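# Observations on the model geometry
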Amino acid sequence: MFLTKRRAQSFFLNSSAIVAVVAVSGMAPLSAMAQSADDAAQSDTVVVTGTRIKRTEFSLPVPAQTLDAAQLEITGANELGEAIVELPAVSAGITSENSQSSTQDSGISTVSLRNLGAERTLTLIDGRRTVGNSSSGSTVSFSTIPSAFVERVEVITGGASAVYGSDAVTGVINVILRDDFEGLSFESRVGTSQEGGNTEYGITIAGGSNFADDRGNVMFSFEYDKEQPIYGRQRDKTLYNLGLVENRNGDPDELRPRLSSNIPGGLFGGNSGDLLNPDEDTSYWFFDNGGTGALTPDYSTSVNGFDERGPETVSIPRERFLMAGKVNYDLTDKVTFFASAQYSTISTKSERSPDTANSSRLGADFPIFLADGVTPHPFVPQEIFDDAVELGNDDVFFRRRWSEFGNRYREAENDTLRMWAGFKGDLSDDWSYEVNFGYGEFRRSQSRGGDLVIPNYQNAINAEYVDAGNPSLGLQCANEFARNAGCVPLNPFMLGSVTQEQADWLILRDQLRARNRTTTSSAWITGTPFELWAGPVSVAAGYDFRKERSRTRWDPISTSGGGTVTQQVNQDGEQSVHEGFAEVVIPLLADAPFAKSLSIEGAVRLSDYSTVGSVVSFKGGGSWQPVDGVVFRGVFAQANRAPNNIELFSRGLGSQSGLPDPCDGVTASSVGAFDDTCRQDPVVAGVISALGSFTDPMVQVQQPTFGNGALSEETANTITAGGVFTPSFIPGLQVAVDYYSIKIDGAISEISADDILDICYTSGDFSGTPSCSIPVRDAVTGQLQEVRETSLNINQLRTKGIDATVAYRFTPSDTGAPLLNAVPGDVSFTGTLSRVLQFEEEAPVPGTTTTFVDDELGLLGTPKFTARFAMSWQNGPLKASWRTLLVGSMLNDDNGRTRLTACEQFNNCDDKIGLFLDRELTHNLRVSYDIPGVFGGEETQLYVGVNNITNNQGPLLYGTGNVGNADDNHHTLYDLTGRFFYGGVKMRF
């Protein structure tokens with residue numbers, strides 16, 4: 001579907017890096033008797049390599065959760081991000097469900113720890129930084145990470161900048177790959193949803209071999225998968241066309257149709273029509289395309305409006321090719337050379353309903369006369385012409401959906417190359433080291449079609465007869481230059497009136513080329529310099545360097561604002577940082593009364609950025625084990641996030657939407673909060689003088705976000721405190737409970753365009769208020785054209801909560817319980833529960849010295865409770881796994897608390913539609929069976945699974961106040977796919 005010649009060439013050329021890694025080893029043939037390397041999953045404890053000083057997951061002083069290969073496998077996830085987001089501390093960032101309208105981030109998969117943003121979550125691969133895949137250049141997409149050799153994923157929450165540097169404000173997600181592999185493995189998988197869409201299939205091939213008398217190991221993998229889209233028409237909830245009208249005066253809420261008045265064939269101004277409020281007056285013209293097709297004035301949006309959702313992709317399709325290679329070679333007993341490379345190419349295509357472009361958005365109403373200003377335009381129907389003449393107009397305002405152009409679409413191709421090489425080993429029995437170098441490059445090639453070129457439209461409506469004396473020869477564009485470039489006169493009246501020639505002239509096909517590059521180098525040592533009375537002191541110290549460069553290039557029409565899409569600008573950014581760090585763990589007591597062990601630890605990182613200058617991050621904490629089976633732990637950390645390239649250097653990251661004009665309705669004598677300042681605005685005053693009043697045409701307004709070179713780093717103070725319990729009377733049980741608190745000062749945000757307008761027009765002093773210099777208006781009409789937003793260190797983010805983690809492995813027949821003695825096999829259980837106690841954003845009230853606290857806890861997107869429970873049972877070759885995911889109850893939208901207060905006041909909360917969202921449970925099952933010796937292989941596994949057994953797609957979210965994907969009546973907390981069946985086969989030789 002997406003594979004092109006260019007993509008095939010790119011895939012071949014970039015894969016040479018992986019081939020080079022393999023070739024370094026002088027790879028020997030795969031042994032027919034090969035077997036897999038040691039499996040870390042066999043151990044009862046997992047070594048956490050996310051910190052320089054190694055520990056087990058449950059002995060860390062900060063909360064940590066681990067998903068090993070077996071736990072990842074039972075999720076049935078197609079890529080890592082889908083599995084990781086099941087953890088309660090993790091929420092989805094950019095996904096296939098919420099990126100279909102993204103300007104330049106579709107097709108990537110990111111996550112956010114503590115719901116504080118993907119930009120504050122650091123993702124590592126084998127403990128090393130790598131190039132990002134987002135428009136900001138720093139956020140890593142999990143869909144680009146090959147999964148064939150993933151051994152486990154470690155999620156460490158709490159500020160970790162002292163160990164890892166910038167971005168580790170809320171924690172770190174570390175993807176750990178296997179170090180060696182022998183043999184050859186193959187997997188094929190297919191799956192589909194019960195309700196259609198999201199059908200997927202894929203294959204994975206991986207191999208490895210030892211060489212040089214087992215001093216080296218080389219691995220390679222190849223993965224391909226394809227996932228089909230879900231269209232709006234394939235889910236009842238995304239086709240539901242009723243919007244919520246909230247009544248806070250004691251009356252019940254209402255549901256009203258949510259069809260669009262931008263209809264195929266067009267909606268045209270008439271003698272008494274009101275196009276800004278179509279349902280208030282039905283005396284304007286449209287073509288009844290759902291019925292007779294005739295021109296009629298009897299329009300009603302609820303009857304004749306357009307359903308936008310059916311043709312849209314609510315979950316975009318994706319096709320992935322991934323390759324990886326990795327080699328380790330022991331040069332000596334003390335020195336190991338390692339190298340690895342990964343390459344991925346991902347293509348996506350999103351679709352939206354046909355473009356809606358009214359005549360104001362296109363810069364001109366449709367003229368009722370030809371270019372000579374006298375001859376009636378033959379395209380204009382007589383009824384519409386007569387109404388315009390009666391009103392004294394020489395043109396006609398219209399709304400139209402350009403269905404003749406087909407759906408708007410965006411095709412994107414994302415290529416990512418990551419490489420590392422270095423040396424590691426032991427300096428002595430107590431000291432080890434690593435030196436590594438890394439390079440990563442991400443490229444995005446994107447094209448978009450279905451929108452309109454505004455200058456071409458304006459030339460197409462300025463028409464004349466080819467020969468005024470012979471009208472039968474037809475029309476031509478009056479502008480000779482445009483005519484020579486292919487201009488064709490446009491007829492917007494009636495569905496199907498636009499010809500292919502006209503479409504070719506009008507359609508915008510924009511292009512984007514984006515590139516991120518990251519270069520890293522790191523050197524560190526770790527060991528035990530001496531021993532104290534309680535044991536050895538462990539230290540780690542080292543140096544990191546990182547350089548990040550980002551660049552985007554758009555086509556000339558997009559950068560000039562010549563299309564009906566958001567105006568874009570070319571971007572360039574570059575920053576680098578030199579860092580030194582140190583970490584220490586000091587044991588204070590051992591085997592003492594009420595102190596089986598007691599240790600303290602600390603870490604510090606000094607960073608020198610080319611942008612924000614010097615930054616210091618640190619942490620301090622400790623752990624206390626009073627008796628066997630009980631450990632208490634706690635850490636205080638100060639973490640930092642340096643602004644990324646977009647936040648620093650953006651020359652206007654494109655965005656546009658409707659923006660209410662505070663000067664709407666202002667006259668020379670009107671009285672209102674904005675009116676005096678509006679009349680001081682010379683452009684608005686000119687319109688009032690000419691027309692008697694100022695009217696907001698309610699068109700799309702450019703609201704670009706500009707970077708700010710004066711930004712400083714965000715600073716977070718984080719606290720974690722809790723305990724780990726491994727009771728001896730229940731062998732195999734481990735329990736961890738932790739409290740966390742995160743407060744981020746100087747969080748980077750923007751003063752919104754709405755607030756900028758409010759600050760200006762409530763000031764009473766247009767010329768003396770800085771905010772009044774920001775809005776840009778059309779010099780003639782006064783229409784708002786642009787309101788710039790600028791990144792500032794202005795907000796404070798606060799969250800607190802409690803995490804609980806349980807892991808229990810046991811053999812039922814060994815428990816002695818009568819009901820379990822007859823149960824064969826082994827059972828493992830894991831459970832994680834997160835209870836959020838606080839989630840707030842404090843921001844300044846624009847134009848004042850006060851602040852406003854936005855309490856988001858319990859609103860849609862921030863549930864108080866989330867949980868994940870998984871149980872597996874294995875008896876020989878048969879294994880069954882069950883997972884249950886919980887999303888707690890919430891209030892539906894941004895105004896949820898206001899609605900709740902109102903309904904409690906009037907005692908009519910039962911009439912509040914969609915206000916209360918109940919908790920939702922999703923259940924999942926996977927069953928596998930291992931068969932030895934198939935086709936001469938070592939082992940073959942057959943597996944089947946059902947995700948979302950009860951087909952729970954979450955609540956129907958009415959209205960436009962929803963946080964998240966309101967237009968689709970859905971939120972990414974829930975599973976839009978619904979009941980999903982999958983199965984596959986794994987073979988190992």
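All of these numbers come straight from a predicted model, not from anything done at the bench.

### Quick word on the overall build of the protein
Scanning the protein from terminus to terminus reveals 17 helices and 51 strands. Looking at the 989 residues of the protein, the share that counts as buried comes to 54%. For the protein, contacts bridging at least 24 residues in sequence account for 72% of all contacts bridging at least 6. Total accessible area on the protein is roughly 40000 Å²; 55% of this is exposed by carbon and sulfur atoms.

### So, empty space enclosed by the protein
Gaps left between atoms show up when a probe the size of a water molecule is rolled over them. Applying the stated criterion across every chain yields a total of twelve cavities of 30 Å³ or more. Here the largest cavity is characterised by a volume of approximately 180 Å³. Lining the largest cavity are 16 residues, and of these Arg-52, Arg-128, Arg-129, Ser-522 and Asp-544 lie nearest its centre. Those elements that place two or more of their residues in the lining of the largest cavity are strand 28 (507–532) and strand 29 (535–554). In terms of residue class, the lining of the largest cavity is built from four nonpolar, five polar and seven charged.

### A closer look at the pairing of strand 49 (residues 920–931)
Relative to strand 49, strand 46 (residues 878–887) runs antiparallel, the two being bridged by ten bridges. Paired with Leu-885 across the strands is Thr-922, a residue of strand 49. Bridge count between strand 49 and strand 50 (residues 939–947): seven bridges; the pairing is antiparallel. Note that in strand 50 the partner of Arg-926 across the bridge is Gly-945.

### A few points about the nonpolar core
If you look at the biggest cluster of nonpolar residues, it comprises 30 residues, and the most contacted ones within it are Phe-268, Leu-362, Trp-402, Phe-405 and Leu-490. By residue number, the principal contributor to this core is helix 9 (residues 454–461), which donates four residues. Beyond its immediate sequence surroundings of up to four residues, Trp-402 is in contact with Pro-354, Asp-355, Ala-357, Leu-362, Leu-452, Leu-490, Pro-492 and Val-498. Judged by nonpolar contacts, the second largest core, of 20 residues, contains Leu-80, Ala-83, Val-150 and Leu-177.

### Remarks on the packing of aromatic side chains
What the rule picks out here adds up to 21 aromatic pairs. Between Phe-268 and Phe-398 the ring centres are 6.0 Å apart and the planes differ by 45°, which places this aromatic pair in the tilted class. Here Phe-268 is found in strand 15 (residues 267–268), whereas its partner Phe-398 is found in strand 23 (residues 398–399), with 130 residues between them in sequence. With relative accessibility at 0%, the residue Phe-268 sits in the buried group. Take Phe-398: its relative accessible area is 0%, and that puts it in the buried class. When the centroid spacing of 6.3 Å and the interplanar angle of 45° are considered together, the rings of Phe-618 and Phe-636 count as tilted. Linking Phe-618 in strand 32 (residues 613–627) with Phe-636 in strand 33 (residues 630–641), this pair joins segments that are 18 residues apart in sequence. The class of Phe-636 is partly exposed, set by a relative accessible area of 34%.

### Things to note about helix 8 (residues 382–391)
All of the buried residues in helix 8 are Ile-384, Phe-385, Asp-387 and Ala-388. One side of helix 8 holds all its buried residues, which, seen down the axis, span an arc of 165°. Of the exposed residues in helix 8, the ones pointing more than 90 degrees away from its buried face are Gln-382 and Glu-390. Backbone geometry just after helix 8 places Gly-392 at a positive phi near 80°.

### A word on a nonpolar patch on the surface
Together, Val-604, Leu-606, Val-616, Phe-618, Phe-636 and Ile-719 make up an exposed nonpolar region whose accessible area comes to about 460 Å². Those elements that place two or more of their residues in the nonpolar patch are strand 31 (595–609) and strand 32. If you trace the backbone, Val-604 turns up in strand 31. Residue class for Val-604 comes out partly exposed when judged on its relative accessible area of 34%.

### Points about helix 15 (residues 682–691)
Of all the residues in helix 15, the buried ones are Val-684, Val-687 and Ile-688. Looking straight down helix 15, one finds that the buried residues subtend no more than 100° of arc, so they occupy a single side. Away from the buried face of helix 15 by more than 90 degrees, exposed residues Pro-682, Ser-689 and Ala-690 are located. Close packing links the buried residues of helix 15 with helix 14 (675–680) and strand 40 (776–777). Taking the backbone nitrogen of Val-683 as reference, a side-chain oxygen 3.1 Å away marks Asp-681 as the first, capping residue of helix 15. Looking one or two residues past helix 15, Gly-692 carries a phi angle of roughly 95°, positive in sign.

### Observations regarding the pairing of strand 24 (residues 408–426)
Here strand 20 (residues 335–352) pairs with strand 24 via 18 bridges, running antiparallel. Paired with Thr-336 across the strands is Lys-424, a residue of strand 24. Relative to strand 25 (residues 431–452), strand 24 runs antiparallel, the two sharing 18 bridges. Across the sheet, residue Asp-426 finds its bridge partner in strand 25, namely Ser-432. Between strand 24 and strand 25, which pair antiparallel in sequence order, lie four residues.

### Quick look at the pattern of salt bridges
The final tally for this structure, using the stated rule, is 45 salt bridges. Between Arg-926 and Glu-73 there is a salt bridge, with its nearest N and O atoms 3.7 Å apart. Separated by 853 residues along the polypeptide, Arg-926 in strand 49 and Glu-73 in helix 3 (residues 69–74) bring together distant segments of the chain. Here Arg-926 falls in the buried class, since its relative accessible area comes to 4%.

### Regarding the confidence of the model for the protein
In this model, the protein carries an average pLDDT of 86, and 90% of its residues clear a pLDDT of 70 or more. Confidence over residues 1–13 falls short of pLDDT 50; this stretch has 29 contacts with residues more than four positions distant or in other chains.

### What about the sheet that holds strand 8 (residues 171–177)?
As summarised here, the arrangement of the four strands in space is 3-7-8-6, forming an open sheet in which the pairing is mixed. Sheet topology places strand 3 (64–68) and strand 6 (121–125) at the edges, where each strand pairs with a single neighbour. Across this sheet, the average inter-strand angle for adjacent strands is 15°, counted without regard to direction.

### Some points on the state of the cysteines
Under the definition given, this model contains three disulfides. Paired by a disulfide, Cys-663 and Cys-678 hold their sulfur atoms 2.0 Å apart. What sets the handedness of the Cys-663 and Cys-678 disulfide is the S-S torsion sign, and at about -90° it is left-handed. Of this pair, Cys-663 sits in the loop between strand 35 (656–658) and helix 14 while Cys-678 sits in helix 14, and the two are 15 residues apart along the sequence. The class for Cys-678 is buried, based on a relative accessible area of 0%.

### Some details on unusual backbone geometry
Not every positive phi belongs to a glycine, and Arg-114 is a case in point at roughly 60°. Among the structural elements, Arg-114 can be located in the loop between strand 5 (111–113) and strand 6. Judged by its relative accessible area of 6%, Arg-114 is buried. A positive phi angle, close to 60°, is found at Asn-948, a residue other than glycine. Relative to the assigned elements, Asn-948 resides in the loop between strand 50 and strand 51 (980–988). Residue classification places Asn-948 among the buried positions, given a relative accessible area of 0%.

### A few points about a negative patch on the surface
Residues Asp-426, Asp-429, Asp-430 and Glu-531 make up a contiguous surface patch of negative charge. For Asp-430, the position within the fold is in the loop between strand 24 and strand 25.

Parameters at a glance
- Residues numbered from 1 in each chain as written.
- Predicted model: local features only at pLDDT ≥ 70, side-chain atom pairs only at ≥ 80, totals over all residues.
- Heavy atoms only, no water.
- Helix = DSSP H or I, 4+ residues; strand = E, 2+ residues; numbered from the N terminus.
- Buried < 20%, exposed > 50% of the residue type's maximum accessible area, 1.4 Å probe, protein only.
- Contact = heavy atoms within 4.5 Å.
- Areas by Shrake-Rupley, 256 points an atom, 1.4 Å probe, with all protein chains shown as cover.
- 1 Å grid on protein atoms, 1.4 Å probe; cavity = no way out; pocket = protein on both sides within 12 Å on 5 of 7 lines; lining within 4 Å.
- Points joined across faces, edges and corners; volume = space filled by probe spheres on them.
- Nonpolar A, V, L, I, M, F, W, Y, C, P; charged D, E, K, R; others polar.
- Pairing = 2+ DSSP bridges.
- Core = buried A, V, L, I, M, F, W, Y, C linked by side-chain atoms within 4.5 Å.
- Phe/Tyr/Trp six-rings, centres within 6.5 Å; stacked < 30°, edge-to-face > 60°.
- Arc of directions from axis to C-beta.
- Patch = residues over 30% accessible without salt bridge, like charges linked within 9 Å, V, L, I, M, F, W, Y side chains within 5 Å.
- Salt bridge = Lys/Arg side-chain N within 4 Å of Asp/Glu carboxyl O.
- Polar contact = N/O pair within 3.5 Å; in protein donor to acceptor, adjacent residues only side chain to side chain.
- pLDDT = per-residue confidence, 0-100.
- Axes fitted to C-alpha atoms, helices over the stretch in contact; angles between N-to-C directions.
- Disulfide = S-S within 2.5 Å.
- Lys, Arg positive; Asp, Glu negative; His and termini not counted.
- Charge placed at Lys NZ, Arg CZ, Asp CG, Glu CD.

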